[in-house]
Amino acid sequence: MARASISEDRQRLPDDVATKTPLVCFRRLQDGVPARVVLYMLSFTGFLVSFMMRTDINIAMVAMVRTPPQDLDVVDANGTVGPSASGASEPRYCYAKRDTTDAATPSPGEEGEFDWDARTQSAILGSFYWCYVLSQVMGGLLTQRFGTKVVFGLSQLATASCSLLIPVAAEVHFSLLIALRSVQGVASGLTWPAMYAAVGPWIPASERSRFMSSFQGFSFGIGLTYPLCGFIIAHFGWRVVFYVTGSLGMLWCVFWWLLAFDSPGQHPRITPSELRYIQSNVADTIIEGKGMRVPWRKIMTSPPAWAIGITTFGRIWIHYVFIIPGPMYMKTVLGFSIQANGLLSGVPFLLSYLSSVVFCYIADRLVTRNVLSLTNTRKLMTAISQVVPGFLVLAIGYLGCHIGLVLVIWFLAVTLVTASYAGAMASVVDIAPNFAGPVLAFAQTIHMTASFLSPLVAGFITQESQSLEQWRKVFGVSAAVAIVTYTVFQVFGTADIQEWNYPDSIAPSETESPSEPLKRRSSNSREGSDNFADA
């Protein structure tokens, strides 16, 4: 009976209305996903793909290069040094009590074809990060001029194109491979300032910590890349690694061009209620429009901006110990094969995303429930991301070959590092939402130097011996850098909006302090905020 009634009603409707009903249903489905959630997913997957294309060569290099056999000291699970052909007293290789073959012997899929010495390999791996650091300020400038959509999209397109060309370049000459990695470094250096610039106009302050967890797509990317590359290399060869990551980058670019927009006002599918919610909660800090003059002198003389750069230098230092020389420690000291190495190196980075979501959620709750001020919340999260991992990484060096404990501490340290995205890294947007891109570019120019200095120092310390004693020195230096640099943010760090955030004497209402908009936002438009949290 009900079906008959519905059918009769539909027959009485005009034809054009009846035919549009499916579109209305699709529109309702579309409206059910906030535009901020779509931006979150684009940011997450963008950094995931970006870091897959960045780190794939770290594992692929093992299979690309023909390496001579080494004398490896054997240590049992209790840390006892076994006999060595070289007669050395320091252990290089740990054998846990597990069923395994000689991990020092590469499998057929791991044998390389290029006779590149250690210096050449270092140049190939390092060329990305040298150019990456140099392009940070350029990324801030280009984003202010052309917007996030163009800069982030084209940078990903360039990086993916280079990935697809790497196998051919490697066969021609290593110098061509260095050139491609350099281009990737320049392009990837534009991504962070570009995406940070989108946070200010899109995300209210009370949601920023949660949105910043989308940047942890890079951890997910690293976590997927290591085990995936190990599997691909073992079954299909190292060339397929770059074809897979490059193709994923190209596919992501299609979705980015279709779904990303520089501001809510430009979005053609955003709901009126969400648009009102965003505009009412960012209006006090954001000035619409590209091409604003960047106050570079004030940024470069700002103690909070310097505090972010110097403090995060320590976080990057300790993080890249796990990312680049970490797999070498897994191989030469703990004794894992390439596939086990890839899995164990990658898993903590997969966990990092989950931990970042937790830390960012906790940070937002601490602020919105007035447990801590925004500044104190940022300092707390920064301490968790640097001081605690600093002590943990120091402990790793003294655990010897107690592999179970080493892996637990290793995993915990990597996951705690992600608290920085609710700490000092989130302060980039807090202090200058109008110029988040340029501020990040300035800070990244400082702290990303650690991305090549950290593995460089590790390589220098361990160049003569891969012994536990030498690795203790690597971990000790890393701990010292992480803890000491944190003190700078503790003294000079803040979440207060800086006066130079408002160019040309355009400032918020004189009746409001910089913290008033956040207090109001925490209780205003609760429905829009809850939609983002639930999604």
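The structure we're discussing is the one just above.
This one's a predicted model, so the numbers in the text were calculated from it and none came from an experiment.

## Details of empty space enclosed by the protein
No. 1: Throughout the structure, instances matching the rule amount to two cavities of 30 Å³ or more.
No. 2: In this model, the largest cavity occupies a volume close to 90 Å³.
No. 3: For the largest cavity, the lining is made up of 14 residues, of which Phe51, Trp192, Ile316, Tyr421 and Met448 are closest to its centre.
No. 4: Listing elements by their share of the lining of the largest cavity, those giving two or more residues are helix H3 (35–64), helix H14 (303–323) and helix H20 (436–447).
No. 5: Broken down by class, the residue content of the lining of the largest cavity amounts to nine nonpolar, three polar and two charged.
No. 6: Reported here for the second largest cavity is a volume of approximately 40 Å³.

## A look at the packing of helix H21 (residues 450–462) against helix H22 (residues 468–492)
No. 1: Relative orientation of the contacting elements H21 and H22 amounts to 155°, with a least axis distance of 9 Å. Overall, the two elements H21 and H22 adopt an arrangement that is roughly antiparallel. Between H21 and H22 lies a crossing of right-handed hand. Taken together, the residues of H22 that come into contact with H21 (itself represented by Ala458, Ile461 and Thr462) are Gln470, Trp471, Lys473, Val474 and Val477.
No. 2: Of the residues in the contact of H21 with H22, the class split is five nonpolar, two polar and one charged.

## Quick notes on H20
Since one α-helical turn is 3.6 residues long, residues separated by three or four positions face the same way.
No. 1: Taking 1.5 Å of rise per residue, the 12 residues of H20 would be expected to cover 16 Å, and the 16 Å separating its terminal C-alpha atoms lies within 8% of that figure.
No. 2: The buried fraction of H20 is high, at 11 of 12 residues.
No. 3: Regarding H20, the residues found buried are Ala436, Gly437, Pro438, Val439, Leu440, Ala441, Phe442, Ala443, Gln444, Ile446 and His447.

What counts and what doesn't
Residues numbered from 1 in each chain as written. Predicted model: local features only at pLDDT ≥ 70, side-chain atom pairs only at ≥ 80, totals over all residues. Heavy atoms only, no water. 1 Å grid on protein atoms, 1.4 Å probe; cavity = no way out; pocket = protein on both sides within 12 Å on 5 of 7 lines; lining within 4 Å. Points joined across faces, edges and corners; volume = space filled by probe spheres on them. Helix = DSSP H or I, 4+ residues; strand = E, 2+ residues; numbered from the N terminus. Nonpolar A, V, L, I, M, F, W, Y, C, P; charged D, E, K, R; others polar. Axes fitted to C-alpha atoms, helices over the stretch in contact; angles between N-to-C directions. Parallel < 35°, antiparallel > 145°, perpendicular 65-115°, else oblique. Left-handed = near helix turned anticlockwise from the far one by under 90°. Contact = heavy atoms within 4.5 Å. Expected span 1.5 Å × (residues − 1). Buried < 20%, exposed > 50% of the residue type's maximum accessible area, 1.4 Å probe, protein only.

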